[in-house]
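# Structural description and commentary
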Amino acid sequence: MKRRTILQYTAYATGAVVGAPLVSVLLSGCQAEVVDNYQPVFFNEEEFGLVKNLVDLILPKTDSPAATEVGVHQMIDNMVSKVYTVEQQTDFRTGFEALSKYLTEAGFEKMKADKQLALLQQLDVSKEESLKAVRAAFLDFKQQTVAYYLSTEEIGMNYLNYLPVPGEYQPCISLEEAGGKAWAI
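Residues numbered from 1 in each chain as written. Predicted model: local features only at pLDDT ≥ 70, side-chain atom pairs only at ≥ 80, totals over all residues. Heavy atoms only, no water.

Another aspect to go through is the environment of Val146. In this structure, Val146 sits in helix 7 (residues 132–150). What makes Val146 partly exposed here is its relative accessible area of 30%. When sequence neighbours within four positions are dropped, the list of residues in contact with Val146 reads Ile58 and Leu59. (Helix = DSSP H or I, 4+ residues; strand = E, 2+ residues; numbered from the N terminus. Buried < 20%, exposed > 50% of the residue type's maximum accessible area, 1.4 Å probe, protein only. Contact = heavy atoms within 4.5 Å.)

This brings us to a nonpolar patch on the surface. Taken together, Val146, Leu150, Tyr159 and Leu160 make up a surface patch of nonpolar side chains, about 320 Å² in accessible area. Along the polypeptide, Tyr159 turns up in the segment after helix 8 (153–158). On the basis of relative accessibility, which here comes to 39%, the residue Tyr159 falls in the partly exposed class. (Patch = residues over 30% accessible without salt bridge, like charges linked within 9 Å, V, L, I, M, F, W, Y side chains within 5 Å. Areas by Shrake-Rupley, 256 points an atom, 1.4 Å probe, with all protein chains shown as cover. Salt bridge = Lys/Arg side-chain N within 4 Å of Asp/Glu carboxyl O.)

By the secondary structure assignment, Val80 is in helix 4 (residues 72–82). Taking the relative accessible area as the measure of exposure, Val80 reaches 0% and is therefore buried. In sequence terms Val80 and Phe43 are 37 residues apart; their C-alpha atoms lie 9.3 Å from each other. Leaving out residues up to four positions away in the same chain, Val80 has contacts with Phe42, Gln89, Phe92 and Gln144.

Looking at the element boundaries, Ser126 is found in the loop between helix 6 (113–125) and helix 7. A polar side-chain atom of Ser126 sits 3.2 Å from the main-chain amide nitrogen of Glu128. When neighbours within four sequence positions are excluded, Ser126 is seen to be in contact with Leu131 and Arg135. (Polar contact = N/O pair within 3.5 Å; in protein donor to acceptor, adjacent residues only side chain to side chain.)

Once that is clear, we can look at the packing of helix 4 against helix 7. At a closest axis distance of 10 Å, the pairing of helix 4 and helix 7 adopts a crossing angle of 110 degrees. Of the possible angle classes, the one that applies to helix 4 and helix 7 is roughly perpendicular. The handedness of the crossing between helix 4 and helix 7 is right-handed. Contacts from Val72, Met75, Ile76, Met79 and Val80 in helix 4 reach Phe141, Gln144, Thr145, Tyr148 and Tyr149 in helix 7. (Axes fitted to C-alpha atoms, helices over the stretch in contact; angles between N-to-C directions. Parallel < 35°, antiparallel > 145°, perpendicular 65-115°, else oblique. Left-handed = near helix turned anticlockwise from the far one by under 90°.)

Bringing helix 3 (residues 45–58) into the picture now. Over its 14 residues, helix 3 runs 20 Å from end to end, which matches the ideal 20 Å to within 8%, given 1.5 Å per residue. Every buried residue of helix 3 is listed here: Glu47, Phe48, Leu50, Val51, Leu54, Val55, Leu57 and Ile58. For helix 3, the capping residue at the N-terminal end is Asn44, with a side-chain oxygen 3.0 Å from the backbone nitrogen of Glu46. (Expected span 1.5 Å × (residues − 1).)

With that settled, the discussion passes to the packing of helix 5 (residues 86–105) against helix 6. Each pair of packed helices gets described by two things: the angle between the helix axes and the distance between those axes. Relative orientation of the contacting elements helix 5 and helix 6 amounts to 130 degrees, with a least axis distance of 12 Å. The angle between helix 5 and helix 6 places the two elements in the oblique class. Taken as a pair, helix 5 and helix 6 cross one another with a handedness that is right-handed. Taken together, the residues of helix 6 that come into contact with helix 5 (itself represented by Leu99, Tyr102 and Leu103) are Leu119, Leu120 and Leu123.

Written out as structure tokens, the structure reads:
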């Protein structure tokens with residue numbers, strides 16, 4: 001059995017919604033290069049504009065880079081177009097179109113950023129039965145945004161605790177230098 005197949009089955013067994021794409025990102029080196037003239041593969045230009053806006057509303061620039069600055073919008077497009085199965089792509093497309101329609105009907109494009117954020121926060125906590133599919137699509141998109149953001153090299157190395165695996169080889173160190181405990185591996 002191939003490693004990718006085993007990882008996919010493991011992700012399904014644990015119920016990880018984005019497990020296979022996230023593992024694929026992690027195994028590919030966690031490098032997300034932002035391409036200046038990026039041409040989306042899965043999304044059309046209008047949809048991709050919405051993707052860029054949404055990821056930056058979910059993870060705006062603070063003391064760390066915005067989601068688009070580390071290429072999350074491009075990573076989402078690549079993962080959906082290259083890693084997802086046709087069935088997963090269809091499900092994602094259906095959810096994204098429902099989310100897009102909801103936002104368009106609410107006048108999302110014409111709103112200022114603070115109003116856009118308020119609309120997304122309202123959707124995030126909505127218990128309205130008629131918004132169930134839209135909310136699910138938004139939560140899936142939000143989960144992917146955060147997962148891909150945290151798995152980028154820029155964020156992983158500069159903003160999170162980073163322990164390179166397997167780490168540098170240190171042949172002769174004392175127990176105290178190893179933190180008072182021997183390593184399990």
